[in-house]
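Chain by chain, the residues run as shown.
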Amino acid sequence: MHKLLGRPLAAVGLAVAVLVCTTPSMASPPNQTAPSYESLIARLEQTPSAMEAEALSDAANARAQQARALPNPTIGLEAENVYGTGPYTGLGNADTTVSISQPLELFGQRGARINAARAEANAVGLRSEQMLWQAAGRLALVYAEAEAAARRYELAAETLSLAEQDARAVGLLVKEGREATLRGVQADSEAEAARATLGQMQAMRDAAFARLAAVAMLDEPVQAIGDSLLDRTPPANALHTDVPLAVRIAQAEYETANRRITVEQRRARPAVNATIGARRFRETGDEALIIGLNVSLPLFDRNRGGISAAYADQRAAEARLVAQQQEVKAARLAAEATLSASNMRAQAADSRVAAAGEAYRLARIGFDAGRISLLELRSTRAALNASRAAAVDARIARVLAEIDLAGLEGRVPFREAQ
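I will try to describe carefully the structure that is included in this document. (Residues numbered from 1 in each chain as written. Predicted model: local features only at pLDDT ≥ 70, side-chain atom pairs only at ≥ 80, totals over all residues. Heavy atoms only, no water.)

1. Brief notes about the sheet that holds strand E6 (residues 287-295)
Stage number 1. With antiparallel pairing, the four strands of this open sheet are ordered in space as E2-E3-E5-E6. Here the strands that pair on one side only, and so sit at the sheet edges, are strand E2 (74-80) and E6. Ignoring strand direction, the axes of neighbouring strands in this sheet form an average angle of 20°. (Pairing = 2+ DSSP bridges. Helix = DSSP H or I, 4+ residues; strand = E, 2+ residues; numbered from the N terminus. Axes fitted to C-alpha atoms, helices over the stretch in contact; angles between N-to-C directions.)

2. Structural notes on the packing of helix H6 (residues 245-267) against helix H7 (residues 304-368)
Think of two packed helices as two axes; the pair is described by the angle between the axes and how far apart they sit.
Stage number 1. Two numbers describe how H6 lies on H7: the axes approach to 8 Å, and their chain directions differ by 170°. With respect to their mutual orientation, H6 and H7 come out roughly antiparallel.
Stage number 2. Grouping the constituent residues of the contact of H6 with H7 by class yields twelve nonpolar, seven polar and six charged. (Parallel < 35°, antiparallel > 145°, perpendicular 65-115°, else oblique. Nonpolar A, V, L, I, M, F, W, Y, C, P; charged D, E, K, R; others polar.)

3. Some points on the packing of helix H4 (residues 109-175) against H7
Stage number 1. In contact at an axis separation of 11 Å, H4 and H7 are set at 15° when each is read in the N-to-C sense. Taken together, H4 and H7 sit at an angle that is classed as roughly parallel. Between H4 and H7 the crossing geometry is left-handed. Here H4 contributes Leu162, Gln165, Asp166, Ala169, Val170 and Leu173 to the contact with H7, which in turn contributes Tyr360, Arg364, Phe367 and Asp368.
Stage number 2. Considering only residue class, the contact of H4 with H7 consists of six nonpolar, one polar and three charged. (Left-handed = near helix turned anticlockwise from the far one by under 90°. Contact = heavy atoms within 4.5 Å.)

4. Quick word on helix H5 (residues 181-215)
Stage number 1. Its 35 residues give H5 an end-to-end C-alpha distance of 51 Å, which sits within 8% of 51 Å, the value for a rise of 1.5 Å per residue.
Stage number 2. All of the buried residues in H5 are Gly184, Ala187, Ala191, Ala194, Leu198, Met201, Arg205, Ala208, Phe209, Leu212, Ala213 and Val215.
Stage number 3. Where the residues of H5 are buried, they touch strand E1 (33-34), helix H2 (37-42), H4 and strand E4 (224-225).
Stage number 4. At the C-terminal side of H5, Met217 shows a positive phi close to 60°. (Expected span 1.5 Å × (residues − 1). Buried < 20%, exposed > 50% of the residue type's maximum accessible area, 1.4 Å probe, protein only.)

5. A closer look at the nonpolar core
Stage number 1. Within the largest apolar cluster, 40 residues are counted, with the highest numbers of intra-cluster contacts made by Tyr37, Leu139 and Leu212.
Stage number 2. It is H4 that provides the largest number of residues to this core, a total of 15 residues.
Stage number 3. Leaving out residues up to four positions away in the same chain, Leu139 has contacts with Leu40, Ile41, Leu44, Leu212, Val215 and Ala216. (Core = buried A, V, L, I, M, F, W, Y, C linked by side-chain atoms within 4.5 Å.)

6. Observations concerning a nonpolar patch on the surface
Stage number 1. A grouping of Ile75, Leu77, Val98, Ile100, Ile276 and Ile291 is seen on the molecular surface, where their side chains present a nonpolar patch of about 670 Å² in accessible area.
Stage number 2. Looking at the nonpolar patch, the elements that each hand over two or more residues are E2 and strand E3 (95-104).
Stage number 3. With respect to the helices and strands, the residue Ile276 is situated in strand E5 (residues 272-280). (Patch = residues over 30% accessible without salt bridge, like charges linked within 9 Å, V, L, I, M, F, W, Y side chains within 5 Å. Areas by Shrake-Rupley, 256 points an atom, 1.4 Å probe, with all protein chains shown as cover. Salt bridge = Lys/Arg side-chain N within 4 Å of Asp/Glu carboxyl O.)

7. Some points on the environment of Ala288
Stage number 1. Here Ala288 shows up in strand E6.
Stage number 2. On a C-alpha basis, the gap between Ala288 and Gly277 in space is 8.5 Å, while along the polypeptide they are eleven residues apart.

8. Here's the deal with the pairing of E5
Stage number 1. Bridging between E3 and E5 involves nine bridges; their strand directions are antiparallel. Note that in E5 the partner of Val98 across the bridge is Ala278.
Stage number 2. Relative to E6, E5 is paired through nine bridges, and the arrangement is antiparallel. Residue pairing for E6: Ile276 is matched across the bridge by Ile291.
Stage number 3. Hairpin connection from E5 to E6: six residues lie between these consecutive antiparallel strands, with Gly285 at a positive phi of about 80°.

9. Quick notes on unusual backbone geometry
Stage number 1. For Phe107, which is not a glycine, the phi torsion comes out positive at approximately 60°.
Stage number 2. Its identity is not glycine, yet Phe414 carries a phi of approximately 65°, on the positive side.
Stage number 3. Along the polypeptide, Phe414 turns up in the segment after helix H8 (374-409).

10. A look at the environment of Ala194
Stage number 1. Relative to the helices and strands, Ala194 resides in helix H5.
Stage number 2. The class of Ala194 is buried, set by a relative accessible area of 8%.
Stage number 3. The spatial distance from the C-alpha of Ala194 to the C-alpha of Glu164 is 8.9 Å, given a sequence separation of 30 residues.
Stage number 4. In contact with Ala194, not counting residues within four places along its chain, are Thr159, Leu160 and Ala163.

11. Concerning the pattern of salt bridges
Stage number 1. All chains considered together, the criterion is met by 23 salt bridges.
Stage number 2. Here Arg113 makes a salt bridge to Glu105, at a shortest N to O gap of 2.3 Å.
Stage number 3. Arg113 sits in the partly exposed class, given a relative accessible area of 25%.
Stage number 4. Two residues, Arg151 and Asp231, come together in a salt bridge whose shortest N-O distance is 2.7 Å. Of the two residues, Arg151 sits in helix H4 while Asp231 sits in the loop between E4 and H6, which places them 80 residues apart along the sequence.
Stage number 5. Classification of Asp231 by relative accessible area gives partly exposed; the value is 26%.
Stage number 6. Here the residues in one salt-bridge network are Glu147, Arg151, Asp231, Asp350 and Arg395, joined through shared partners.

Here it is as structure tokens:
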């Protein structure tokens, strides 16, 4: 931890400048350091979201495989001339027939069903892939938020340290009669406010680490970040010109809707069943084959409602595709612009921190020498605190922009597209 208390005053500016560019440790010795971002990403398939995505994809592939199965045949056993009168009393003179009936999927019915199932499996596979990238984005977000919460806690601790130093300095001036008692009360009040803020930041830090442990499926709670994500610059060559994942999903859903139209159209065709069997005549003991062909007549049900519904679903899928193309295009431009701006914002924030740290160092020297008023000292300290907080906010904004862009492109945040 970058402790200012007890260090020479000249080191304040350097310590503050270094603070933003390094990952701070905890105020107390950490019990457990979080695994690196890369190791958590490598374990991404063990998270519930990833397992759900894999299960949905497996289910769709299984349905596509099942669509290739042929209809089951039907075995029939018939007995004629039984339980009648005269010589047909009982089963003695029964003529028996054993037959097998097989539905024949003609007119392209089976092929349409298989193609529709394949298209559905492709769409589900893409949606499962999107769920995986969303899980990676969520993991990157909670990791960055935990690191940011730890930094804000460290910043609050540094702010408290500076406020306590200023309060002690003001207290000495009050004792010497060089400052009014009111100034001492104000300085003590600022120190107490900084102490309360530190407690709040500690609670937020603990909550962020708890979320990270839950999302990453860690066995033990963590209290420190060992590998910084906030200080990473997104890969410059991560952008590519492939069709965004969201658009590919919409295209697959549109293709599925087209295939379902064919299925509904084929469903309106006649259903054909072929039958073959053997009949035994009781009186003569002779046997003969039976060959039959049954064809349904689509007189009343021609599946017009199903076909109309399939066409309506296709129009809806086409509308979603057009909307998705426009939305993704705008979202991609916005994410790229935000990412570029956040990079520049982070660089500018680092410069501001260094300048604000030096300004506070000089103001403190001037205050101790009696050339700078307490109001000016408080102003420079507030500017320092604000610049340090802005540096953390800029890095969080960069992480959010990278997560949005990675989700559109179908890749892990802060990793080049494969």
